[in-house]
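# An overview of the molecular structure
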Amino acid sequence: MPPLHFSTIAELSDALAAGKTTSVDLTRAVIARTQAVEERVKAFNSYDTADALAQAAASDARRAAGLSLGPLDGIPVGIKDVIAVTGQPLTASSKMLANFVSPYDATVTEKLRKAGAVIWGRLNLDEFAMGSSTENSAFHTTRNPYDLERVPGGSSGGSAAALAAGEAIATLGSDTGGSIRQPAALCNVVGLKPTYGLVSRYGLIAFASSLDQIGPFTRSVEDAAITLQAIAGHDERDSTSVRIEIPDYRAALRTKKGPWRIGIPREYFGEGLDPEVAAAVEKAVSFYEKMGCEIKNVSLPHTEYGVGVYYIIATAECSSNLSRYDGVRYGHRSADAKDIVDLYFKSRAEGFGPEVKRRIILGTYVLSSGYYDAYYLRAQKVRTLIRQDFLNAYDEVDAILTPTSPTPAFKRGAKADPLAMYLCDVYTIGVNLAGLPGISVPCGFSSGGLPIGMQLIGQPFKEADLLAIAHAYDSAHDWSRRTPNL
Amino acid sequence: MSAHDDLNIDRIANLARLALTPEEKVKFSAQLADVLTNIEKLKQVDVTGVEPTAHAFPIYNVWADDVATPGLSVEAALRNAPEKRDNMIVVPKVVE
Amino acid sequence: MKYEAVIGLEVHVQIKTRSKMFTRVAAGYGHPANTLTDPVVLALPGVLPVMNKAALDAIIKAGLLLGCDIAPVCKWDRKNYFYPDSPKNYQISQYDQPICLNGSVEIELPGRARNIQGEHKKIALTRIHLEEDVGKLNHEAFDSLVDYNRAGTPLMEIVSEPVIKSAEEAYAYLTSLRATMIYGGISDCDMEKGQLRCDANISIRPVGETRLGTKVELKNLNSISFVRDGIAHEIKRQIAVVESGGVIVQETRDYDGMTGTSQSLRSKEMAHDYRYFPDPDLMPVKVDEAWKARIHAECPELPFAKQTRFQGDYSLPYTLTSVLVWDQALADYFEEAAKLAGPGKAQAVGNWIVNDLQRELGAANLDLADARVRPAHIAELVKLIDAGTLLSNAAKEVFVEMAATGEPPAAIVAKRGLAAAPTDTAELEQWCRDAIAANAKSVAEFQAGKESAINGLKGPIMKASKGKANPKLVDETLRRLLAGA
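### Some remarks on the sheet that holds strand E3 (residues 88-92) of chain B
Sheet architecture is open: 4 strands sit in the order E2(B)-E3(B)-E11(C)-E10(C), paired in antiparallel fashion. Looking at strand neighbours, the two that pair on one side only are strand E2 (84-85) of chain B together with strand E10 (136-139) of chain C, the edges of this open sheet. For E10(C) and strand E11 (residues 143-147) of chain C, the ladder comprises 4 bridges, and the chain directions are antiparallel. For C:His139, the partnering residue across the bridge sits in E11(C) and is C:Ser144.

The structure is reproduced here in structure tokens:
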């Protein structure tokens, strides 16, 4: 078994059950590792060791009393700093919320507590989850543990990097256009974006409400199944959460064995795709073919419009969602406002970073009088076509396999142009627009030693099948178990 | 003329209640023009008869029964307030 | 030149629910500042709205009571604007798919006299939609203080077509609308508590002109009388402006009911651009026939329908129905008493309620619900009078004591010895004969068919009997004698 801080949930839950370790020992190991590497990785905005150790002690006490809550009991799980945890900071990596302390728990936080997890640390991100590199954090840029000069991806860069660096056993992120899957690919971890509506968004700071979804980062597909089990399910506080029966995802990894029909969309293998990424993904395709899966070419003809549709819908929704950050009830308030309107103008100008401002401006523009039909309404219609493309493909295949990111991790500062950064999400955006589940699974390394991930896209609410397909590959390879030299 | 030539950054910033510096205005205008040019592609798509998607999986009538539950204490409600007095939030005098 | 006014009213009515529109913290009035909040009300980072089913039931009921078309599907939109009483800086409202369309409010215009029923008219509605209320700003000397207790309270906006012609019509519209809401249990509509608020859009045009004039929005009309007075004032003001060669400016004016004056509010620096779009956090609402039928079954009889029925079933005069039907509790009280009193006594019952009961309640500052006099008491009182056991002066005394003690009238009559003495029939007949002999003119008139002429004979009889004659017996005896004469 690897060191505690690099072990999987599956391994650790066995060790805890067998009395080979305790949650306090495990949590101490994670804290020690964090203190050793965090100066270089900078994955966290804050962490509270006393609080984590108290939770760990409570977990050990439960276990000693024979009241263990399941495989997550006693496991330290890091939380992206857009998900509310009572009594802990909730900053969205924004100056606007630098001093905000949450008076409530997000539903996923509550669910993790019910599963016994040790809620651990607030993880860095692109401010308000807007970005693909974590460079837009108002506090600091998180580094890629595989190359500290490179970005970890984003927006959930802190969640991916912390896990890759051994600073947590699992983490939660949020994904609006690829914010879980892309950093997972760039940091060599598994990242799952569930079907829209499977996991409650209550307590997740909204970026684009119709696209946002919380999901786990883990060291294996099996761990993703375990974590998803804990956080999935209907929540009466989220009107968009869906009432469905939640299957046993971990059991499905063993019961669902294929062979499956796997679709390869040609639109995802064109211009802009790094050849090493293409080669690694092709190898994964061959693996499935060898295990007896039927590989089919499928077409998603409206793919090229995805980025445009996304940047209309996401910015429109964010321009409205971020109106509440006005310096009135909480958050940054400008010290020299002369009246209420000035207070809004200055507090928001001082509290938001450039990317957030840019998206608020774009979103305000596309909703403004005279432009709604041309932009927002049209984007919603093209969104319907994009969604229909996927549903048509699912008449013929069980899952779609693509690269997660066109390239491995890029250097910090390499994408100063917003449009170039937006195009990082070209393979992940369609999944959010269609509301589908998608998972990024490590599938190799570049010649420069940078991780490469592949994306599997499933059918709505069929996470059990998607995880089983991903597990077939992950359990037959050791990519996801490799660790960086830090 | 493309639709975004008339992107009036002052009008939009005013609606968004965002004070922008002259440098930001110039920079954002140029960057947004780029993005909007990319977005212009959407005009090529035939959307005749296509219903807009507001929700990926629309369901109807998601509500709760009218039962009052306890809320936040005044202390918790005002815990993060930048300025408060008499259990209320203080803002610059609002002239109606 | 003659001018006519064109008025449209936008009325906001708070729906009476236990919890707020999009979260389950309690709704209420008069609580200490910021004690009715939760993360959703305060728009903390990460919160989400969930619709209140009871508020939907209530607006559907309002729509059915006002004859609206209930949309089979409606949705929620965000109305984006910054204001410190609005925690999210957007209001969840309904933009292009409101839940209720069309419909009307039936009004009664003032009659020629107070006791004469006025003309009825229907004021068409454009729409009714559901939204959430904002918080309250308290303006201090150097700053403003925000209390979010009211924020998120379910609010209906009822928009009339611009078809109201006068301040009196506006007054009648609000009176009728408020009664409808109260009858439906939808709102208490207490304007002092802000449960009903009204803005008026007013323009004038020369009589005969079909185009609309420039409209002025009148705000802060915080009582129904102020709405009437404010509109009347604004119409006069506009006519004066036009007649002195001026032009009406499109603006919002604030009416001060205490001084009877209005002033222009500083115009907003830019036209509104609310950037409405469908709220992605909420799912649409589908209203099927079964839902409508269920609400329909809960709909009460409205005042005008009740008035027509009271006029028919109980033969009540307009002077009584016009008081009784506007207060549902009073109308119910009347019906209970009238049924207990039995046929033919409804008008007497109504008179006791409208005159004596209301007076006693007013004097004691009591609500009807707290009245010691119950419908059974009124019925019993009327029966005692009708049977001749109780004469009118004594009955008044009984009522006052009944109102004070809640004792049944028969007990008071017995305790205080107020029963009318059994009249000697021979003596009474003599008084009647004397009166007939002495009042030939009244006799002649009565026999010529003037029914009321009989009253001219009763006065002298009452005088002769020192008020003790049983009026019912006097009436019967007179008629018998006159018939035989």
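Structure shown, so let's carry the discussion forward.
### A few points about the nonpolar core
If you look at the biggest cluster of nonpolar residues, it comprises 262 residues, and the most contacted ones within it are A:Val77, C:Ile59 and C:Ala170. Looking at which element gives the most residues to this core, the answer is helix H2 (residues 167-183) of chain C, with 10 residues. In this structure, A:Val77 is in contact with A:Leu112, A:Ala117, A:Val118, A:Ile119, A:Trp120, A:Ala168, A:Ile169, A:Ala170, A:Thr171 and A:Leu172, ignoring residues within four places of it in sequence.

### Concerning the pairing of strand E9 (residues 399-403) of chain A
All names here are of chain A. Among the 5 residues of E9, 5 are classified as buried, and the element is accordingly described as predominantly covered. In terms of strand pairing, strand E7 (residues 261-265) meets E9 through 2 bridges, oriented parallel. Bridge pairing in E9 places Ile262 opposite Ala399. The pairing of E9 with strand E11 (residues 451-457) spans 4 bridges and is classified as antiparallel. Its bridge partner being in E11, Leu401 is matched across the sheet by Leu456.

### What to know about helix H7 (residues 221-231) of chain A
Along an α-helix, residues three or four positions apart point the same way, because every turn accommodates 3.6 residues. Residues and elements named next belong to chain A. For H7, a buried count of 11 out of 11 residues is recorded, marking the element as mostly surrounded by other parts of the structure. Within H7, burial applies to Val221, Glu222, Asp223, Ala224, Ala225, Ile226, Thr227, Leu228, Gln229, Ala230 and Ile231. In the stretch just after H7, Gly233 is the one whose phi turns positive, near 125°.

### Some thoughts on the interface of chain B and chain C
Taken together, the contact between chain B and chain C spans 34 residues of the former and 42 residues of the latter. Elements supplying a minimum of two residues to the side of chain B that touches chain C: helix H1 (9-15), strand E1 (63-64), helix H3 (74-77) and E3 of chain B. By residue number, the principal contributor to the side of chain B that touches chain C is E3(B), which donates 5 residues. Of the strand pairs in this sheet, E3(B) and E11(C) are connected by 4 bridges, and their pairing is antiparallel. The partner of B:Val91 across the bridge, within E11(C), is C:Ser144.

How each quantity is defined
- Residues numbered from 1 in each chain as written.
- Chains lettered and ligands numbered in written order.
- Predicted model: local features only at pLDDT ≥ 70, side-chain atom pairs only at ≥ 80, totals over all residues.
- Pairing = 2+ DSSP bridges.
- Helix = DSSP H or I, 4+ residues; strand = E, 2+ residues; numbered from the N terminus.
- Core = buried A, V, L, I, M, F, W, Y, C linked by C-beta atoms within 7 Å.
- Buried ≥ 20, exposed ≤ 12 C-beta atoms within 10 Å, placed from the backbone.
- Contact = placed C-beta atoms within 7 Å.

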